[in-house]
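Single-letter residue listing:
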Amino acid sequence: MIYPKIETLYERDEATFKVKPGVFKNRTYTLLKEWQFTEKIDGTNIRCIWQDGKLTFGGKTDNAQIHADLIKWLYENISATKMAEIFPDCPAVLYGEGYGAGIQKGSGYSLTKKFIMYDVLVDAKWWLNWENTYDVAHKIGLDVVPFLGVMTLEQATEMVRVGFASKLGSATPAEGVVGRPAETLFDKKGARLIVKLKTKDF
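Basis of the calculations
- The residue numbering used here restarts from 1 in each chain and proceeds along that chain's sequence as written.
- Only residues with pLDDT of at least 70 get local features here, since the model is predicted, and only at 80 or more are side-chain atom pairs given and counted; chain-wide, interface and lining totals rely on the full set of residues.
- Side-chain measures were taken over the full set of non-hydrogen atoms in the model, leaving aside hydrogen atoms and water.
- By convention a nonpolar core is built from buried Ala, Val, Leu, Ile, Met, Phe, Trp, Tyr and Cys residues, the set being connected through side-chain atoms within 4.5 Å.
- Think of it in three bands: residues with accessible area under 20% of the maximum for their type are buried, residues over 50% are exposed, and the middle band is partly exposed, with areas taken using a 1.4 Å probe on protein chains only.
- For the purposes of this entry, the term helix denotes a DSSP run of H or I that reaches at least four residues, the term strand denotes a run of E that reaches at least two, and both are numbered from the N terminus.
- Pairs of residues are marked as contacts when any of their non-hydrogen atoms sit within 4.5 Å.
- An arc is given here, and it is the one of the directions from the helix axis to the C-beta atoms.
- Only strands joined by at least two bridges in the DSSP assignment are considered to pair.
- Under this scheme, a helix contributes an axis fitted over its contacting stretch, all axes are lines through C-alpha atoms, and angles between N-to-C directions fall in the 0 to 180 degree range.
- In protein, a polar contact means a hydrogen-donor-capable atom and an acceptor-capable atom, both N or O and within 3.5 Å, with residues adjacent in sequence counting only if both atoms are side-chain atoms; elsewhere, any N or O pair within 3.5 Å suffices.
- Counted as salt bridges are all cases of a side-chain nitrogen of Lys or Arg within 4 Å of a carboxyl oxygen of Asp or Glu.
- Any pair of Phe, Tyr and Trp rings, taking the six-membered ring for Trp, is counted once the centres come within 6.5 Å. Such a pair is stacked with planes under 30 degrees apart, edge-to-face with planes over 60 apart, and tilted for the rest.
- Consider the ring centre and the ring normal. A charge sits over the ring if Lys NZ or Arg CZ is within 6 Å of that centre and within 35 degrees of that normal.

A.B. asks: Account for the nonpolar core, with residues named and values stated.
C.D. replies: Among the nonpolar cores identified, the biggest contains 41 residues, and Cys-48, Leu-74, Ile-78, Phe-87, Leu-94, Phe-115 and Leu-142 are the most heavily contacted of them. The set of elements that each furnish at least two residues to this core consists of β5 (44-51), β6 (54-58), α1 (68-77), β7 (92-99), β8 (114-122) and α3 (130-140). By residue number, the principal contributor to this core is β8, which donates seven residues. Excluding residues within four positions of it along the chain, Leu-142 makes contact with Trp-73, Asn-77, Ile-78, Leu-94, Phe-115, Met-117 and Ala-137. If you look at the next biggest cluster of nonpolar residues, it comprises 17 residues, including Trp-35, Met-151, Val-177 and Val-195.

And the structure:
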């Protein structure tokens, strides 16, 4: 399954294309007092697909090309054996970001291409919470995107507006944040509640 688009938290000003804090894209967001925020990494979307006893790797779309160095890293660090131990009876997709030198502006993160995980979908319908996502990554030996803490939307907005250094490279400004509830929730249209804000949105 291709990773669903994460909506920007706020509406944008049509003239400047900057966000309008307080003008939410979905008012359902305001019903939650606290969100879990992780750092948004500037890289390329990667899917690690476990299905019918086979492990394959894909990009943001089925036709996306993946850097050869990154493919090599994935095969060396994620095995079908490990996936079978964790998901013996059902399919699963690990979602993450390929990052590092040669991918976007990733040389500030790492001089080599790597994969860092941020989400897991089990049996094409169950999104794991952050604790379980971290547990899966730990069992495989993978890094997860930096956890920034539990915050209100307003606190996270101010953090991104001011700007902060990436946890992966102190000399690199963070691209932004991604926020999710402690447990996966959906709005009345069935859309998952997950939001993003980028530094360049301000």
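A.B. asks: Mind laying out α1, listing which residues take part and the relevant values?
C.D. replies: Here α1 has its buried residues at Leu-70, Trp-73 and Leu-74. For α1, the angular spread of the buried residues around the axis is 100 degrees, confining them to a single face. Looking at α1, the residues exposed on the side facing more than 90 degrees away from the buried face are Ala-68, Lys-72, Tyr-75 and Glu-76.

A.B. asks: Go over the sheet that holds strand β4 (residues 35-40), please, and point to the residues and values.
C.D. replies: Sheet architecture is open: five strands sit in the order β1-β15-β14-β4-β11, paired in mixed fashion. If you trace the sheet from one side to the other, it starts and ends with β1 (7-8) and β11 (147-151), each paired once. For β4 and strand β14 (residues 176-180), the ladder comprises five bridges, and the chain directions are antiparallel. Note on β14: the bridge partner recorded for Phe-37 is Gly-179. In the packing of helix α4 (residues 153-162) onto the sheet, the strands contacted are β4, β11, β14 and β15 (195-198), and the crossing angle to β11 comes to about 140 degrees.

A.B. asks: Report on the environment of His-138, specifying residues and quantitative values.
C.D. replies: Relative to the helices and strands, His-138 resides in helix α3. Considering only alpha carbons, one finds His-138 and Asp-201, 63 residues apart in sequence, at a separation of 33 Å.

A.B. asks: Break down the pairing of strand β3 (residues 19-24) for me, citing the residues and quoting the values.
C.D. replies: Here is the key point about a regular strand: its side chains alternate between the two faces of the sheet. Pairing between strand β2 (residues 10-12) and β3: two bridges, direction antiparallel. If you follow Arg-12 over to β3, its bridge partner there is Val-19. From the end of β2 to the start of β3, which pair antiparallel, there are six residues, and Phe-17 there has a positive phi angle of about 65 degrees.

A.B. asks: Explain the environment of Lys-72 residue by residue, including any values.
C.D. replies: For Lys-72, the location among the structural elements is in helix α1. On a C-alpha basis, the gap between Lys-72 and Thr-38 in space is 27 Å, while along the polypeptide they are 34 residues apart. Polar side-chain contacts of Lys-72 include one of 2.7 Å to the side chain of Glu-76.

A.B. asks: Describe the pattern of salt bridges, naming the residues involved and giving the relevant values.
C.D. replies: Going through the model one piece at a time under the given rule, you end up with 13 salt bridges. Between Asp-123 and Lys-125 there is a salt bridge whose closest N-O contact spans 4.0 Å. In this structure Asp-123 comes out as partly exposed when scored by relative accessible area, which is 31%. For Glu-158, the salt bridge goes to Arg-161, with nearest N and O atoms at 2.7 Å. In this pair, Glu-158 and Arg-161 are both assigned in helix α4, three residues apart and thus about one turn of the helix distant. Here Glu-158 falls in the partly exposed class, since its relative accessible area comes to 37%. Under the relative-accessibility criterion, Arg-161 is labelled partly exposed at 47%.

A.B. asks: Mind laying out the side chain of Thr-38, listing which residues take part and the relevant values?
C.D. replies: For Thr-38, the position within the fold is in strand β4. Discounting chain neighbours no more than four positions away, the residues touching Thr-38 are Trp-130, Val-145, Pro-146, Phe-147, Leu-148, Gly-176, Val-177, Val-178 and Arg-180.

A.B. asks: Tell me about the packing of aromatic side chains, and name the residues and values.
C.D. replies: Using the criterion set out here, one finds nine aromatic pairs in the structure. Ring geometry for Tyr-10 and Phe-24: centres 5.1 Å apart, planes at 45 degrees, overall tilted. Taken together, the residues Tyr-10 in strand β2 and Phe-24 in strand β3 connect sequence positions 14 residues apart. Above the plane of the ring of Phe-17 lies Arg-12, whose end atom (NZ or CZ) is 4.5 Å from the centre.

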